[in-house]
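# Coordinates in review
Listed below, chain by chain, are the residues.
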Amino acid sequence: MFNPMSSSRAACDRKFIIVLVLVIVIESFVMVVPTGFFVLHHRSAKFPLCSMGTCFNFSRCNKDQLLVYSYNDPAPLNPPTYFREFPDSQLQTSDPEKACLFFVYSDTETNENAWWWQKPHLQTLPFWNNGMNHVIITFADRWSETNPPAASIGMASIMSTELHHTAYRGGFDISIPLPRLQQQSPPELASVKPFQRKYFATFKGTRYLSREGAFRSSEAFRGMHSGKDVIVATTCRQETNDKLVRWQPWKATGCEEDQRVYDSYDFVDLLNSTFAFVPAGRSPASYRFLEVLSAGAIPVLIADDYVRPFESLIQWERCLLQFSTHDLHRILPTLRSLPKEDVVDRQCYCQQVFANFLQDDSTLFRSVILSLQQRMT
Ligand SMILES: *[C@@H]1O[C@H](CO)[C@@H](O)[C@H](O)[C@H]1NC(C)=O
Ligand SMILES: *[C@@H]1O[C@H](CO)[C@@H](O)[C@H](O)[C@H]1NC(C)=O
């Protein structure tokens, strides 16, 4: 769910129960299928073929002064989005005639609570023009949560925290990061050099017992925990896990032991690490990504098909390492074999990336605008 802290959940309760029953029925079938089959990340939306050349009207735009018309405000929900920086910006226009871009914020409560056949009809937007120069902005975990059917978006582009290489239209869509949520790490931590840090590689977070992110429950993932310089501390306590375990208690194997490990490590202390794992959860994007970067740890992404944020601005391969969820056994041997200078260079580049593009809401919003400008060159 996009917004775990929402107070408006009551409205979805009935819908949730029906969906839960369906999920249990489906899961019962899926149990006979080898795990790994039910990986929903790969079943991503299919957007119409589009590029800046074929789906964009350049003559509406002045690249140095992108004027944007917004249909609605950024979702006033938790987690906060950095698009809230926008209303004060010089780039906003209330005159659709002058606009180069049209922003549609999809993460509204109405959209989230609607059944799929009631999802918003973009065709009803007054300046829709088959989506020409429109940008649909979403922070939701899955396209289908708050958005219309993918085939109906016309010539609009997507700015999303959850873009998959299988659907992504490079140079047209833009991947954006989730903001930081957790408590901030001490500022002095960011400058502690690799190998002078307390740990070599760490993770503290939820493991999922079913569906996407279930690889976090695998022996290959949890087994990286050495209790010494590599810490993998997981908890099974999570809304959908709890519901699943009530019906299928055998799925909670190892949860009690894991909880003891989980309780014995402090989240911020674990960021004093040379590397920090950023595994995909329900969606390949993770709040942890920016938290890890802010603490000066080198992210080790574990995700399939994930389009990394602001791909056109950042040379991610100079900063982080990335592994497929099927390649967990390669992670530690690869990290251990990296030359020291390489690791030091990575941290250095990661720090520049964080400072220039990601460090706070106004920097993040600036990166959004830079990415939009870059599409036009
Ligand atoms: C592109 O924008 C210009 C200026 O607003 C307009 O005159 C023209 O009709 C537009 N073209 C298309 C294909 O929408
Ligand atoms: C990080 O860990 C190192 C090595 O254990 C320690 O010297 C340093 O004080 C720690 N820094 C912070 C900010 O926790």
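Structure: see above.
If you're wondering where the values come from, they're calculated on a predicted model, not measured in any experiment.

To continue, consider the overall build of the chain. Tallying secondary structure elements over the chain gives 12 helices and 10 strands in all. Taken over 377 residues, the chain has a buried fraction of 39%. In the chain, the proportion of contacts linking residues at least 24 apart, taken out of those at least 6 apart, comes to 75%.

Let's shift gears to unusual backbone geometry. Glycine aside, residues mostly have negative phi angles, and peptide bonds mostly take the trans form. With a phi close to 55°, R211 is a non-glycine residue in the positive phi region. With respect to the secondary-structure elements, R211 resides in the loop between β6 (199-206) and α5 (219-222). For R211, a count of 17 C-beta atoms within 10 Å translates into the label partly exposed. The backbone phi angle of F310 is positive, close to 45°, even though this residue is not glycine. Considering the arrangement of structural elements, one finds F310 in the loop between β9 (298-302) and β10 (321-323). Note on F310: 20 C-beta atoms within 10 Å, which makes it buried.

Attention now moves to the site of ligand 1. By nearness alone, every residue bordering ligand 1 is listed as N57, S59, R60 and M132. Looking at side-chain class alone, the shell around ligand 1 contains 1 nonpolar, 2 polar and 1 charged residues.

Right, let's talk about the nonpolar core for a bit. With 73 residues, the main nonpolar core has V135, I137, A276, V278, V292 and V300 as its most contacted residues. Beyond its immediate chain neighbours, meaning those up to four positions away, V300 contacts A201, F275, A276, F277, V278, L320, L321, I331 and L335.

Around ligand 2 sit P186, E188, L189, V192, R197, K198 and N272, and those are all the residues in its vicinity. Grouping the constituent residues of the shell around ligand 2 by class yields 3 nonpolar, 1 polar and 3 charged.

In this model, helix α12 (residues 361-375) (15 residues) spans 21 Å end to end at C-alpha, consistent with the 21 Å of a helix rising 1.5 Å per residue. All buried positions along α12 are accounted for by L364, S367, V368, S371 and L372. On an axial view of α12, the arc spanned by its buried residues comes to 135°, and they lie on one face. On its buried face, α12 sits against β2 (101-105), β5 (174-175) and α11 (340-358).

A word on the sheet that holds β2. Whenever strands of a sheet pair, they do so through backbone hydrogen bonds, lying parallel or antiparallel. Spatially, β1-β2-β3-β4-β5 is the arrangement adopted by the 5 strands of the open sheet, whose pairing is parallel. The open sheet terminates on both sides in strands that have one partner only, identified here as β1 (68-70) and β5. Direction of pairing for β2 relative to strand β3 (residues 134-138): parallel, over a ladder of 4 bridges. Residue pairing across strands places V104 opposite I136, the latter belonging to β3.

What follows concerns the environment of L189. Within the secondary structure layout, L189 lies in the loop between β5 and β6. In this structure the C-alpha to C-alpha distance between L189 and S294, which are 105 residues apart in sequence, comes to 8.9 Å.

Strands sit in the order β7-β6-β8-β9-β10 across an open sheet of 5 strands; the sheet is parallel. The open sheet is flanked by β7 (230-235) and β10, the only strands paired with a single partner. Between one strand and the next, the sheet's axes are offset by a mean angle of 20°, whatever the strand orientation. Here β6 pairs with β7 via 6 bridges, running parallel. The residue of β7 that forms the bridge with K204 is A233.

Along strand β8 (residues 273-279), 7 of the 7 residues are buried, which leaves the element largely enclosed by surrounding structure. The pairing of β6 with β8 spans 3 bridges and is classified as parallel. Its bridge partner being in β8, Y199 is matched across the sheet by S273. With 5 bridges joining them, β8 and β9 adopt parallel strand pairing. Each bridged residue has a counterpart across the sheet, and for F275 the counterpart in β9 is I298. This β-α-β element, β8 to helix α9 (residues 288-294) to β9, shows right-handed connectivity.

So, on to the environment of L91. In this structure, L91 sits in the loop between β1 and β2. The class for L91 is partly exposed, based on 16 C-beta atoms found within 10 Å. Along the sequence, L91 and L67 sit 24 residues apart, while their C-alpha atoms lie 4.9 Å from each other. Sequence-distant contacts of L91, that is, excluding residues within four places in its chain, are made with L66, L67, V68 and I369.

Cut-offs used in this document
- Residues numbered from 1 in each chain as written.
- Chains lettered and ligands numbered in written order.
- Predicted model: local features only at pLDDT ≥ 70, side-chain atom pairs only at ≥ 80, totals over all residues.
- Helix = DSSP H or I, 4+ residues; strand = E, 2+ residues; numbered from the N terminus.
- Buried ≥ 20, exposed ≤ 12 C-beta atoms within 10 Å, placed from the backbone.
- Contact = placed C-beta atoms within 7 Å.
- Near = placed C-beta within 6 Å.
- Nonpolar A, V, L, I, M, F, W, Y, C, P; charged D, E, K, R; others polar.
- Core = buried A, V, L, I, M, F, W, Y, C linked by C-beta atoms within 7 Å.
- Expected span 1.5 Å × (residues − 1).
- Arc of directions from axis to C-beta.
- Pairing = 2+ DSSP bridges.
- Axes fitted to C-alpha atoms, helices over the stretch in contact; angles between N-to-C directions.
- Right-handed = clockwise from strand over helix to strand, strands pointing away.

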